[in-house]
Amino acid sequence: MAVRPVQVNIKALDPVAVGRFWAQALGWNAYHPGVTTYVGPAGGLVWPDPAFVGIDVVPVPEPGTTTKNRVHLDLATTSEAHRTELVERVRALGATPVDVGQGSVPWTVLADVEGNEFCVLEPRDVYRDTGPIAAIVVDCADPRAMARFWGEALDWTLHEVADDRAVWRSAEGTGPYLEFLRTPGAKTVPDRVHLDLLPRPGDDKEAEVARLRALGATDLDLGQGDVPWTCLADPEDHEFCVLAPS
């Protein structure tokens, strides 16, 4: 029994605009299966995607804050020319440069049309086969502690664990990496961006939720009411949802 990341959930005042931005930035399509906007590979809506982690943009009435998100996306590039083109393209789509204290680095830090941070990376061999999203990056205080929890929670393969980061990727070796990076500062506001997880086919959602609670997850009330998914937080209070198979 285990769960797997199937989408990054982004709260937005205007989910259509945010979904359009990410679809154009990634070269994917924006789909509208209901009240949310789902961004996934072109060619028709497939959920969950067998190889990639999609983006689900959810409407909320509250604007974001100026506090840096604890979850962001790193975008892959294949050459310096590609990196330059991608930065110029997302800037034209409405992305803006942001300073999160990164200093002089070879990647470019930007924010989408509602202020959610992301990075356009310089070419790196490790991300050559991930698709447009190189990594889902999560700020944390203790990567080793996160490795203990998430290593048991996920059915992804743990590639690295050290004092400064813990790294996973799907057992099939497809799609983005999931990276927990040691970062100063504690959570001060609710997460604007979080992971949505799904049990494997044939696994029971409620049994998975009980297993995650036993590992140290806690229940989270975001005012969600009676919904088919379960909102939880990991031992460092990162929010995540366990979805019901559809």
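(A) Region of the structure containing the overall build of the protein chain. Of the regular secondary structure elements, the protein chain holds 4 helices and 16 strands. The globule rule puts the C-alpha radius of gyration for 246 residues at 18 Å, and the 17 Å found for the protein chain is close to it. If you line up the protein chain on its principal axes, its C-alpha atoms span 50 × 40 × 35 Å. Burial statistics for the protein chain: of 246 residues in total, 48% are counted as buried.

(B) Up close: the pattern of salt bridges. Across all of its chains, the model carries 16 salt bridges by this definition. For the salt bridge of glutamate 172 with arginine 200, the shortest nitrogen-to-oxygen distance reads 3.9 Å. Here glutamate 172 is found in the loop between β11 (165–169) and β12 (177–182), whereas its partner arginine 200 is found in the loop between β13 (193–199) and α4 (205–215), with 28 residues between them in sequence. The closest approach of N and O atoms between aspartate 219 and arginine 213, which form a salt bridge, is 2.8 Å. Via salt bridges that share partners, Arg70, Lys187, Asp191, Asp237 and Glu239 belong to a single interconnected network.

(C) Highlighting the layout of surface pockets. Of the volumes computed, that of the second largest pocket is approximately 460 Å³. Looking at the second largest pocket, it is lined by 22 residues, and the ones nearest its centre are His72, Trp107, Cys119, Val137 and Leu181. Residue assignment for the lining of the second largest pocket shows that the elements contributing at least two residues are β5 (71–75), β8 (117–120), β9 (133–140) and β12. Classifying every residue of the lining of the second largest pocket by side-chain character gives 10 nonpolar, 4 polar and 8 charged.

(D) Fine view of the packing of helix α3 (residues 143–153) against α4. The interhelical angle for the contact between α3 and α4, taken along N-to-C directions, is 160 degrees, at an axis separation of 10 Å. Viewed along their axes, α3 and α4 adopt a mutual orientation that is roughly antiparallel. Along this stretch, α3 crosses α4, giving a crossing that reads as right-handed. From α3, Phe149, Glu152 and Ala153 reach across to α4, where they touch Arg211, Leu212 and Leu215. In the contact of α3 with α4, the residues fall into 4 nonpolar, no polar and 2 charged.

(E) View of the sheet that holds β12. Read from one edge to the other, the open sheet built from 8 strands follows the order β6-β7-β8-β5-β9-β12-β11-β10, with strand pairing classed as mixed. The open sheet has two free edges, formed respectively by β6 (96–97) and β10 (157–161), since each of these has just one partner strand. Alignment of β5 against β8, held across 3 bridges, turns out to be parallel. Across the sheet, leucine 73 pairs through a bridge with phenylalanine 118, a residue of β8. With respect to the sheet, helix α1 (residues 15–26) is in contact with β5, β8 and β9, its orientation differing from that of β5 by roughly 30 degrees. On the sheet, α3 packs against β9, β10, β11 and β12 and is oriented at approximately 30 degrees with respect to β11.

(F) Seen up close, the pairing of β12. Across 6 bridges, the pairing between β9 and β12 is parallel. Within β12, the residue paired with cysteine 140 across the bridge is arginine 182. Here β11 pairs with β12 via 5 bridges, running antiparallel. Looking at β12, one finds that arginine 165 is bridged to leucine 181.

What counts and what doesn't
Residues numbered from 1 in each chain as written. Predicted model: local features only at pLDDT ≥ 70, side-chain atom pairs only at ≥ 80, totals over all residues. Heavy atoms only, no water. Helix = DSSP H or I, 4+ residues; strand = E, 2+ residues; numbered from the N terminus. Rg over C-alpha atoms; globule rule 2.2 N^0.38 Å. Buried < 20%, exposed > 50% of the residue type's maximum accessible area, 1.4 Å probe, protein only. Salt bridge = Lys/Arg side-chain N within 4 Å of Asp/Glu carboxyl O. 1 Å grid on protein atoms, 1.4 Å probe; cavity = no way out; pocket = protein on both sides within 12 Å on 5 of 7 lines; lining within 4 Å. Points joined across faces, edges and corners; volume = space filled by probe spheres on them. Nonpolar A, V, L, I, M, F, W, Y, C, P; charged D, E, K, R; others polar. Axes fitted to C-alpha atoms, helices over the stretch in contact; angles between N-to-C directions. Parallel < 35°, antiparallel > 145°, perpendicular 65-115°, else oblique. Left-handed = near helix turned anticlockwise from the far one by under 90°. Contact = heavy atoms within 4.5 Å. Pairing = 2+ DSSP bridges.

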